[in-house]
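Summary of the model geometry
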Amino acid sequence: MTAPAPASTAPGTRRGTALVTGLDVRAANGDGTGEFWRSLLEGRGGIGPITRFDASGYPSRLAGEIARDPGEDLPGRLLPQTDRVTQLALACAAEVLRDSGLDPAGAPEYGIGVVTANAAGGFEFGQRELENLWAKGPLYVSAYQSFAWFYAVNTGQISIRHGLRGPSGVLVTGQSGGLDAVGHARRMLRKGTPAVLTGAMESALCPWGHVAELTGGRLSTADRSEDACLPFGERAAGHVVAEGGALLMLEDAASAHARGGIRPYGEVAGYAACFDPPPGSGRPTGPARAARAALADAGVEPADIGAVFAEGAAVPDLDAQEAGAIAEVFGPDAVPVTAITSRTGRPGAGASALDLAAALLAVRDGLIPPTADVGRVPASYRIDLVTGRPRPMAGDAALVLARGHGGFNSAVVVRRCGPTPR
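Residues numbered from 1 in each chain as written. Predicted model: local features only at pLDDT ≥ 70, side-chain atom pairs only at ≥ 80, totals over all residues. Heavy atoms only, no water.

**Some details on the overall build of the protein**
Within the protein one finds twelve helices and 16 strands. A compact globule built from 422 residues would reach a C-alpha radius of gyration of about 22 Å, and the protein, at 20 Å, matches this within 12%. Its C-alpha atoms give the protein principal-axis dimensions of about 65 × 55 × 45 Å. Looking at the protein as a whole, 59% of its 422 residues qualify as buried. Residue pairs in contact within the protein that sit at least 24 positions apart in sequence constitute 78% of those at least 6 positions apart. (Helix = DSSP H or I, 4+ residues; strand = E, 2+ residues; numbered from the N terminus. Rg over C-alpha atoms; globule rule 2.2 N^0.38 Å. Buried < 20%, exposed > 50% of the residue type's maximum accessible area, 1.4 Å probe, protein only. Contact = heavy atoms within 4.5 Å.)

Laid out in structure tokens, this is it:
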């Protein structure tokens, strides 16, 4: 990376513009960006029976599992130190660096930061070591337990492995985390950091992690994958846990163009976050406020948005709230809406990172991936849900919405940029 070029007024080149120059995805319906995107466009899902442990005695027995072992891409010495979620994050980060063409060795010492989001930490590693403690005693507990469980470990391990010594951080805001991490990374660019590797990854498909999810009362108990996650559907009765997420390289446009040879996926043009009011206050929830603030931050109007990538909680009251917010901001049935959690399941903070990746690919290709067949959508929702097949997208911008349990609301606007899209 060389010194930033003079600011330009050309689209996607002016200083302060946040470009996505590298991207990788790990999801139940696709291992890697290309496979993930093909699966979405072809309507292939990744939800199925849990195989990572015996779930026959649990009320919820389906999940979005990633079939490939991420340890295959890592040195053997790292495997005893890391939980599966960190192995997924490390494999994903290496591909993001390769995809962006950004060589840490050629960057300024503090020129690349790392910001990730995670809500669960290394649950599977923690369960295994607790079992050792109970069954054998403290001498049999791994010293790596001291950090392998921690929700900040993905940021730390990525930074160490690749020598990324710029500003770092971690966000814990539930499903909103994937968007909040990117929003924080964008602030770092505006403070002078040339590039930040950011996004979210989750994996807690073990008995301990599953019980924690069950206590929320929002998991589907369906036995068939086609009935399990029906966001905005009349039969919606809960979501499906999953593992996965997406990481991306966010670069200041002037710095990125100065190093040359980049082909951005798009621009992170707007971001906003807010909290819901206290329960019982009678005040409206926050998705509409977050959406409007993100549009204002991007300098666009609702009519400029070609698609909304919704959280799609598949819980009736939450779906009604989100649908109402979309109709309030855009007008009834005024913008195409899709919810890819119907294909991937819901991997915590990784879910909004997957939504963001899908939105970037949608603005790049001008196609909106369809929601799975959710059956009848209640007329009261007043949204134009994309189902069946991909739909051409009007315009060059998309809005991504996310909420985290406890009142977090986040929104990101992504926009196509430059004459040389990938």
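**A short note on the confidence of the model for the protein**
Summary statistics for the protein give a mean pLDDT of 92 and a share of 95% for residues scoring 70 or more. Ignoring residues within four places in sequence, the model shows residues 1-11, a span with pLDDT below 50, making 25 contacts including any to other chains. (pLDDT = per-residue confidence, 0-100.)

**Observations regarding the side chain of Asp-24**
With respect to the helices, strands and loops of the structure, Asp-24 is situated in strand β1 (residues 18-27). At 2.3 Å, the side chain of Asp-24 and the side chain of Arg-26 are in polar contact. Excluding anything up to four places from it in sequence, Asp-24 contacts Gly-32, Thr-33, Cys-92, Glu-95, Val-96, Gly-245, Ala-246 and Leu-247. (Polar contact = N/O pair within 3.5 Å; in protein donor to acceptor, adjacent residues only side chain to side chain.)

**Some details on the nonpolar core**
In summary, soluble globular proteins display a tendency toward joint burial of nonpolar side chains. Ranked by internal contacts, the top residues of the largest apolar core, which has 46 residues, are Phe-36, Leu-248, Leu-250, Phe-309, Leu-356 and Val-414. At eleven residues, the largest contribution of residues to this core is made by helix α12 (residues 349-365). Contacts of Leu-250, omitting those with residues within four sequence positions, involve Ala-18, Leu-19, Val-20, Val-182, Ala-185, Arg-186, Leu-189, Pro-194, Ala-195, Val-196, Thr-198 and Val-268. Judged by nonpolar contacts, the second largest core, of 33 residues, contains Ala-291, Ala-323, Phe-330 and Val-337. (Core = buried A, V, L, I, M, F, W, Y, C linked by side-chain atoms within 4.5 Å.)

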